[in-house]
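As a plain string of letters, each chain reads:
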Amino acid sequence: MESTFGYLVASSALVFVASTLAADARAGEKAPVIILKLDDVTTQGAHESEPISPRWQRVVDFLEKENLKASLGIIGFSLEQDNAAYFNWIKNLDKKGAVEFWNHGYRNRSNNDKSGEFESDSAEQQKALLEKTQKLAKEKLGIELHAFGPHWSATTEATEKALQDIPELTMWLLGPKSPKTYTKFVFERIVNLENPTFVPDFDKFKAAYEKNGVSRPYLCLQGHPNSWSDERWAGFVKIIGFLKEKGCTFMKAGEYLAQTKK
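Residues numbered from 1 in each chain as written. Predicted model: local features only at pLDDT ≥ 70, side-chain atom pairs only at ≥ 80, totals over all residues. Heavy atoms only, no water.

Caption draft 1: Just the side chain of Lys37, in detail. Its place among the elements puts Lys37 in strand β1 (residues 33-41). There is a polar contact of 2.9 Å between the side chain of Lys37 and the side chain of Asp39. Beyond its immediate chain neighbours, meaning those up to four positions away, Lys37 contacts Ser71, Trp102, Leu173, Leu174, Cys220, Leu221, Gln222 and Gly223. (Helix = DSSP H or I, 4+ residues; strand = E, 2+ residues; numbered from the N terminus. Polar contact = N/O pair within 3.5 Å; in protein donor to acceptor, adjacent residues only side chain to side chain. Contact = heavy atoms within 4.5 Å.)

Caption draft 2: Representation of the pairing of β1 in the model. Within β1, eight of the nine residues are buried, which leaves the element mostly enclosed by the surrounding structure. Bridging between β1 and strand β7 (residues 218-223) involves six bridges; their strand directions are parallel. Across the sheet, the residue bridging to Ile34 is Leu219, located in β7. Here β1 pairs with strand β2 (residues 70-74) via three bridges, running parallel. Bridging across to β2, Lys37 finds its partner in Ser71. After leaving β1, the chain enters helix α2 (residues 54-66) and then returns to the sheet as β2, a path that is right-handed. (Buried < 20%, exposed > 50% of the residue type's maximum accessible area, 1.4 Å probe, protein only. Pairing = 2+ DSSP bridges. Right-handed = clockwise from strand over helix to strand, strands pointing away.)

Caption draft 3: Up close: the confidence of the model for the chain. In this model, the chain carries a mean pLDDT of 89, and residues with pLDDT of at least 70 account for 89%. The low-confidence segment residues 1-28 (pLDDT under 50) makes zero contacts with residues lying over four places distant or belonging to another chain. (pLDDT = per-residue confidence, 0-100.)

Caption draft 4: Representation of the packing of aromatic side chains. What the rule picks out here adds up to 18 aromatic pairs. When the centroid spacing of 5.8 Å and the interplanar angle of 65 degrees are considered together, the rings of Phe148 and Trp172 count as edge-to-face. Separated by 24 residues along the polypeptide, Phe148 in strand β4 (residues 147-148) and Trp172 in strand β5 (residues 171-173) bring together distant segments of the chain. Taken as a pair, Phe148 and Trp172 share a single burial class, namely buried. (Phe/Tyr/Trp six-rings, centres within 6.5 Å; stacked < 30°, edge-to-face > 60°.)

Caption draft 5: Geometry of helix α4 (residues 123-141). Between its first and last C-alpha, α4 extends 26 Å over 19 residues, near the 27 Å set by a 1.5 Å rise per residue. Within the span of α4, buried status applies to Ala123, Gln126, Leu129, Leu130, Thr133, Gln134, Leu136, Ala137, Lys140 and Leu141. Buried residues of α4, viewed axially, fall in a sector of 165 degrees; they line one side. Turned more than 90 degrees off the buried face of α4, the exposed positions are Glu124, Lys135 and Glu139. Residues of α4 that are buried make contact with β2, α3 (84-96), β3 (99-103), β4 and α5 (157-164). Positioned one or two residues after α4, Gly142 has a phi angle of 70 degrees, which is positive. (Expected span 1.5 Å × (residues − 1). Arc of directions from axis to C-beta.)

Listed below in structure tokens is the structure:
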């Protein structure tokens, strides 16, 4: 009887120790790096006296106040017409160093479009559009873009080939998990910032983070700031506060890639 009791006590002690060690290990886990992938930088919604929409400016002011880094996607068509105020807005942000800009495609899509520029075009056509945005960024902004993410569009094997053939584009933001021919770095989609698209929902994000995000080395979170009403904005701010409480570090995509290579 005593030996059985002793065995149970010992077993209970081992279970307690094991659970304690497991809890300590979880507590010691490093929080994931956060890459804020913010889409659709254009002049849409800009006031006459301002180069960018108030919603975009609100995001940038918040990033600066909270000392956060982010990656913002420029749609190439917005660089076609000379717009010194808009160009200077981008260039000034780039010089400050907390924001990097990336290639978000070229076309100004609408609901009437039958397909996106990365859904049906050939590799040659897609490459030409990607290079058009690359060229405009260099000529109008003096910036070389190093990452890509499609605008409002699925992608194909032709997209992989087009990206593979542009040396300066070294990253694919939220690209395919198992690319067939593309061999550069892919930031995977793991947890959604917006659920549904355009809506930062804190409760849904928290549940997804705790289920799939805690043990990941990074989370690339996609958002569309120009579609955030005040209510949606409040959800975004709450999510950022949650991530900061968890000890997450915020990095630019290129910064994370450079660290990974080291």
